Structures are given as structure tokens and as C-alpha cells.
Amino acid sequence: MTPNKQPDNITFTSARSASMGFIMLVVLIDLLAIGLMVPVLPMWIGQFTASKDEQALWYGIASFAFGVASFVSGPILGGLSDRYGRRPVLLIGFFGLALNFFMTGLATSMVALIVARIIGGGMQANMAVANAYVSDITPPEQRAAQFGKLGAMFGVGFILGPLLGGVLGSIDLRLPFFLAGGLALLNWLYGYFVLPESLPPERREAFSWSRANPVSALKRLFELRDVGPLVVAIALSVLAQFMLHSSWVLYTHFRLGWDVSMVAWSLTLVGVSAALAQGLLVKPLVSKMGRRKVAMLSMASSALAYLAYALNTTTWGMFVIIALNLLSHASGPALTSIISEAADPNEQGRVMGSVSSVQSLMSVLAPVVASPLLIYMAHRAPTDPLAGAPFFIACAVQLAAMAVLFWSFGKIKPKTTTDLAAARAD
């Protein structure tokens with residue numbers, strides 16, 4: 001079997017008991033649990049620190065530990081899902097996340113909290129395995145739309161999760177972690193009793209440590225049909241995005257005086273935007289313009305938003321920028337589908353795990369960059385332009401991602417009929 005050809009005997013959703021409905025519910029519950037803790041984790045870390053500088057530093061260390069664990073585990077869990085199926089690996093992930101949430105809520109020291117984050121990072125391959133699940137049951141030309149549906153679940157999870165986390169966190173900072181742990185256990189039960197397997201035994205592949213280690217997995221990813229530059233573009237874009245994730249709660253707390261509740265409302269609006277963009281816009285935009293133009297426009301929207309965040313000094317302005325940045329959520333499904341199409345059907349788990357490792361590697365680098373910038377801006381006046389340093393740098397990184405993406409598209413020939421038609425129209 002060649003890596004570039006779908007086997008003739010593969011059929012997708014119509015002949016398989018697995019369906020998008022099952023995996024979408026799994027992802028929704030998973031992201032709802034994660035969303036619960038987003039607005040409160042930096043504040044919870046603040047309970048163990050004595051100053052803004054310490055809070056920013058230890059939040060960066062916790063994010064770094066989470067990212068390293070996720071970077072190492074992503075291709076391993078992806079490879080295991082290629083060997084044993086998606087369902088058992090997802091179940092392991094749900095249990096690990098539940099353990100992480102409960103340990104975080106019960107932590108009485110920074111050491112215990114860091115250990116919990118390492119466990120959480122090690123189990124944070126659920127989205128990669130979910131993407132492989134979708135690849136199992138979906139023809140290549142439909143994957144962008146289906147990945148968009150998963151992205152919409154991300155949005156819904158981040159509508160409900162942070163909002164509920166903010167409400168509970170204003171009562172007790174521990175409550176969101178305990179509820180998140182309960183939801184992760186609920187997902188485990190749903191997966192065990194309801195979720196069907198998507199990968200039939202005849203399409204499974206032997207597990208190999210030499211290919212599952214993150215370095216080999218990244219090397220293999222770069223070898224997929226000339227998509228190496230595309231991976232670089234994704235990495236840079238994800239780095240900018242994770243810089244925002246690493247900075248948002250403390251940045252808005254330091255510069256705008258936001259509390260847990262206000263952070264939760266802002267993240268809820270982000271979730272609404274993501275759900276609308278990926279649930280309603282991705283499919284028609286890709287059909288009309290092709291994945292490449294959608295990805296470029298999406299990245300341009302992100303770059304402008306980062307610049308606006310850096311310059312803005314008002315609460316209402318932040319919410320306006322979030323609402324106008326709707327298109328930024330469309331690039332992920334388009335780019336993920338291009339990479340998925342380049343991979344052999346028997347190694348979708350490993351490839352999606354490798355993409356997850358790229359993202360995790362960027363989540364390792366992001367706090368290393370963002371934490372010093374947060375410390376730098378923490379003591380500056382809100383009206384000082386230099387207080388926007390974290391997002392000025394994120395904007396520059398996103399512009400670099402756009403440049404690499406534009407160059408890479410010139411090297412890669414379109415593969416789907418939609419992209420071929422878009423290329424001819426150009």
C-alpha cells in the first residue's frame with residue numbers, strides 16, 4: 001500500500017457503526033471539563049504564590065510541564081490507537097484527565113499541582129485520537145467539514161465550561177476542578193458503554209516505539225507528501241495561539257483588573273465564535289474558496305486580533321475584538337484535513353498524534369516566551385503601549401506563520417476537487 005492512495009476496500013460511515021454523533025458528544029464532554037478549569041487555574045496557582053511575578057512564573061512552569069508531557073505522549077497514544085483501536089486509548093485519556101482534575105483541586109502545594117499537570121498533559125491526546133476517529137469514518141473530501149464539526153464542539157465546550165467555571169470559581173476556586181473530574185469520569189462511562197470502535201482489526205498496525213517517539217513522529221510528519229513547510233506554518237500559528245492562552249487570564253487580570261467571572265465571560269464569547277465559525281462557516285467557505293484561501297484568511301484575522309488586543313485598553317474593546325475575530329477559528333479544520341489526506345489510512349492515529357505533538361511542543365515554548373513578557377508588563381500602567389508586549393509578539397509570530405503558509409501552498413499541488421477548482425479559479 002502506498003502512503004498516498006486510499007485502499008480500494010475501505011468504506012467509511014455508511015458501512016460502519018461508528019458515527020460523528022458519538023465522537024462529537026465525547027469531544028463536547030471532554031472540552032466542557034477542560035473549559036471549566038481555564039479561568040480558575042491561574043488564580044488557583046496564585047493561592048500558592050506571594051506576588052504577581054511569582055504567579056506569572058509558576059503559571060508558566062505549570063504550562064511548560066503540561067506541554068512537555070503532552071509532547072511526549074501524543075504520538076505514543078496515537079500509535080497505540082493505530083494498534084489497539086481508538087476507543088481504549090480514549091478511555092485511558094478520560095481516566096487520566098479525571099485524575100488530573102481531582103489532584104489539581106486537592107493540591108496543597110505547587111509541587112502537587114505540577115505533578116497533576118504532568119499527568120494531565122500525558123493524557124491530553126484525546127483530540128488527536130478523536131481526529132483519527134473522524135479520519136477512520138470519513139472520506140478525504142469531507143474531512144474539513146467534519147473536523148469543523150469537532151471544532152464546533154470545542155466552541156460549545158468553551159461556551160459552557162468557562163462560564164460555569166467562572167460561576168463556581170467565584171464561590172470556591174476548587175469547585176470547577178471537582179466538577180471537571182466528575183465530567184471526565186462521565187465521559188469514561190459513556191465511552192465504555194456507548195462509544196463504538198472506528199478502526200476495524202484489518203486496518204490496525206503494529207506499534208513501534210521507534211516510530212512513536214516524538215522525534216521520529218515529527219520526522220515522519222515532515223516526510224508526508226511535501227507538507228513539511230505546512231507543518232512549520234501550523235507550528236508558528238499554534239505558538240501564537242498558545243501565547244494567547246498562556247497570557248490571557250493574567251494579562252487581563254493585570255491590565256484590565258478582570259476577575260474570574262469576567263475572564264469566564266470572555267472565554268464564553270470565544271466559544272460562541274468558535275462554534276459559529278467551525279459549525280456553520282467552515283463547510284460553505286471551503287466549498288466556495290477552497291481550504292487554502294480559508295486558512296490564509298483565518299490566519300490574517302488572528303494576526304489583526306493579536307495587534308488589536310495589544311493596543312486595546314478597555315474591557316468593552318476586548319469583547320468587540322473577540323466578536324470580530326470570528327474567522328480565525330476556521331484555519332484548524334482546513335489545515336488538519338490537508339495533513340490527514342496526506343497520510344496512509346492505517347496510520348491516521350500516529351499522524352494525528354504527531355500533529356498533536358507539534359501543538360504540544362508549541363505549548364512548551366509558549367509559556368517560556370509568554371511568562372517573561374507577562375512579568376515585564378505586570379507593573380506597567382494599563383495605558384502604556386508596552387503593556388501589550390505579549391500580543392505584539394504573538395502578532396509577529398502569526399505573520400511569520402502566514403508567510404510560511406503562503407510559500408508552502410506554492411509548493412504543494414491541490415489534492416481535492418474543491419481545492420483544484422479554487423486553484424483554477426485563481
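The rules behind these values
Residues numbered from 1 in each chain as written. Predicted model: local features only at pLDDT ≥ 70, side-chain atom pairs only at ≥ 80, totals over all residues. Heavy atoms only, no water. Helix = DSSP H or I, 4+ residues; strand = E, 2+ residues; numbered from the N terminus. Areas by Shrake-Rupley, 256 points an atom, 1.4 Å probe, with all protein chains shown as cover. Core = buried A, V, L, I, M, F, W, Y, C linked by side-chain atoms within 4.5 Å. Buried < 20%, exposed > 50% of the residue type's maximum accessible area, 1.4 Å probe, protein only. Contact = heavy atoms within 4.5 Å. Salt bridge = Lys/Arg side-chain N within 4 Å of Asp/Glu carboxyl O. Patch = residues over 30% accessible without salt bridge, like charges linked within 9 Å, V, L, I, M, F, W, Y side chains within 5 Å. pLDDT = per-residue confidence, 0-100. Axes fitted to C-alpha atoms, helices over the stretch in contact; angles between N-to-C directions. Parallel < 35°, antiparallel > 145°, perpendicular 65-115°, else oblique. Left-handed = near helix turned anticlockwise from the far one by under 90°. Nonpolar A, V, L, I, M, F, W, Y, C, P; charged D, E, K, R; others polar. Phe/Tyr/Trp six-rings, centres within 6.5 Å; stacked < 30°, edge-to-face > 60°. Lys NZ or Arg CZ within 6 Å of the ring centre and 35° of its normal. Polar contact = N/O pair within 3.5 Å; in protein donor to acceptor, adjacent residues only side chain to side chain. Expected span 1.5 Å × (residues − 1).

Visitor: Explain the overall build of the chain residue by residue, including any values.
Guide: The helix and strand tally for the chain stands at 18 helices and zero strands. Carbon and sulfur atoms provide 69% of the accessible area of the chain, an area that totals close to 16500 Å².

Visitor: Go over the nonpolar core with me, naming the residues and quoting the values.
Guide: The biggest cluster of nonpolar side chains holds 100 residues, and the ones touching the most others in it are Ile 23, Trp 248, Tyr 309, Leu 335 and Leu 405. It is helix 11 (residues 228-256) that contributes the most residues to this core, 16 residues altogether. Contacts of Leu 405, omitting those with residues within four sequence positions, involve Leu 230, Ala 233, Ala 295, Met 296, Met 299 and Leu 335.

Visitor: How would you explain the pattern of salt bridges if you had to name every residue and give the values?
Guide: In total, this model carries four salt bridges according to the counting rule given. In this structure, the salt-bridge partner of Asp 136 is Arg 86, at a minimum N-O distance of 2.7 Å. Taken as a pair, Asp 136 in helix 6 (residues 126-137) and Arg 86 in helix 4 (residues 86-106) lie far apart in primary sequence, 50 residues in all. The class of Asp 136 is buried, set by a relative accessible area of 0%. Residues Arg 203 and Asp 136 are paired through a salt bridge, measuring 3.7 Å at the closest nitrogen-oxygen approach. Taken together, the positions of Arg 203 in the loop between helix 8 (175-193) and helix 9 (209-212) and Asp 136 in helix 6 put the pair 67 residues apart, joining distant regions of the chain. Of the two residues examined, Arg 203 and Asp 136, each falls in the buried class.

Visitor: Outline a nonpolar patch on the surface, supporting the account with residue identities and numerical values.
Guide: A cluster of nonpolar side chains, Phe 64, Val 68, Val 72, Val 368, Val 369 and Ile 393, forms an exposed patch at the surface whose accessible area comes to about 420 Å². For the nonpolar patch, the secondary-structure elements that each account for two or more residues are helix 3 (52-84) and helix 16 (348-378). A residue is classified by how much of its surface remains accessible, and Val 369, at 32% relative accessible area, is partly exposed.

Visitor: Tell me about the confidence of the model for the chain, residues and numbers included.
Guide: For the chain, the average pLDDT comes to 80, and 84% of its residues sit at 70 or higher. The weakest mean pLDDT in the chain belongs to helix 18 (residues 417-425) at 48; the strongest belongs to helix 14 (residues 315-324) at 95. When the criterion is pLDDT under 50, residues 1-17 qualifies, and its contacts beyond four places in sequence or with other chains add up to 37 contacts.

Visitor: So what's going on with the packing of helix 3 against helix 11? Which residues, and what values?
Guide: Running from N to C, helix 3 and helix 11 cross one another at 165 degrees; their axes reach a closest spacing of 11 Å. Considering the angle they form, helix 3 stands roughly antiparallel to helix 11. For helix 3 against helix 11, the interelement crossing comes out right-handed. Where helix 3 approaches helix 11, its residues Lys 52, Gln 55, Ala 56 and Tyr 59 are matched on the opposing element by His 245, Ser 246, Leu 250 and Phe 254. Its residues assigned to classes, the contact of helix 3 with helix 11 comprises four nonpolar, three polar and one charged.

Visitor: So, the environment of Pro 390: which residues are in play, and what are the values?
Guide: Secondary-structure assignment places Pro 390 in helix 17 (residues 389-411). Residue Pro 390 is classed as buried on the basis of its relative accessible area, which comes to 1%. As for Pro 390 and Ser 247, which are separated by 143 residues in sequence, their C-alpha atoms are 7.2 Å apart. Those residues in contact with Pro 390 that sit more than four places away from it in its chain are Met 243, Ser 247, Tyr 251, Leu 373, Leu 374 and Met 377.

Visitor: A description of the packing of aromatic side chains should follow, citing residues and the corresponding values.
Guide: One pass over the structure, following the stated rule, counts 10 aromatic pairs. Here the aromatic rings of Trp 248 and Tyr 309 are separated by 5.2 Å at their centres, their planes lie at 70 degrees, and the arrangement is edge-to-face. Of this pair, Trp 248 sits in helix 11 while Tyr 309 is found in helix 13 (residues 291-311), placing the two residues 61 residues apart along the sequence. Classification of Tyr 309 as buried rests on a relative accessible area of 4%. Here the aromatic rings of Trp 258 and Phe 319 are separated by 5.7 Å at their centres, their planes lie at 40 degrees, and the arrangement is tilted. With Trp 258 in the loop between helix 11 and helix 12 (260-289) and Phe 319 in helix 14, this pair connects stretches of sequence that are 61 residues apart. An aromatic cluster of at least three residues, connected via ring pairs, comprises Trp 248, Tyr 251, Trp 258, Tyr 309, Phe 319 and Phe 391. The ring of Tyr 84 carries Arg 83 above its face, with NZ or CZ at 4.8 Å from the centroid. Cation over ring: Arg 87 sits above Tyr 192, and NZ or CZ is 5.7 Å from the ring centre.

Visitor: Give me the side chain of Arg 86: which residues, what numbers.
Guide: Its relative accessible area of 0% is what places Arg 86 among the buried residues. At a separation of 2.8 Å, a polar atom in the side chain of Arg 86 contacts the side chain of Ser 81.

Visitor: Lay out helix 6 with the relevant residues and their values.
Guide: With 12 residues, helix 6 should reach 16 Å at 1.5 Å per residue; the first-to-last C-alpha distance of 17 Å fits that figure. The element helix 6 is extensively covered by neighbouring structure, given that 11 of its 12 residues are classed as buried. All of the buried residues in helix 6 are Asn 126, Ala 128, Val 129, Ala 130, Asn 131, Ala 132, Tyr 133, Val 134, Ser 135, Asp 136 and Ile 137.

Visitor: Can you explain the environment of Ser 51? Please cite residues and give values.
Guide: With respect to the helices, strands and loops of the structure, Ser 51 is situated in the loop between helix 2 (41-46) and helix 3. With a relative accessible area of 35%, Ser 51 lands in the partly exposed category. Side-chain polar atoms of Ser 51 contact the backbone nitrogen of Glu 54, separated by 3.2 Å.

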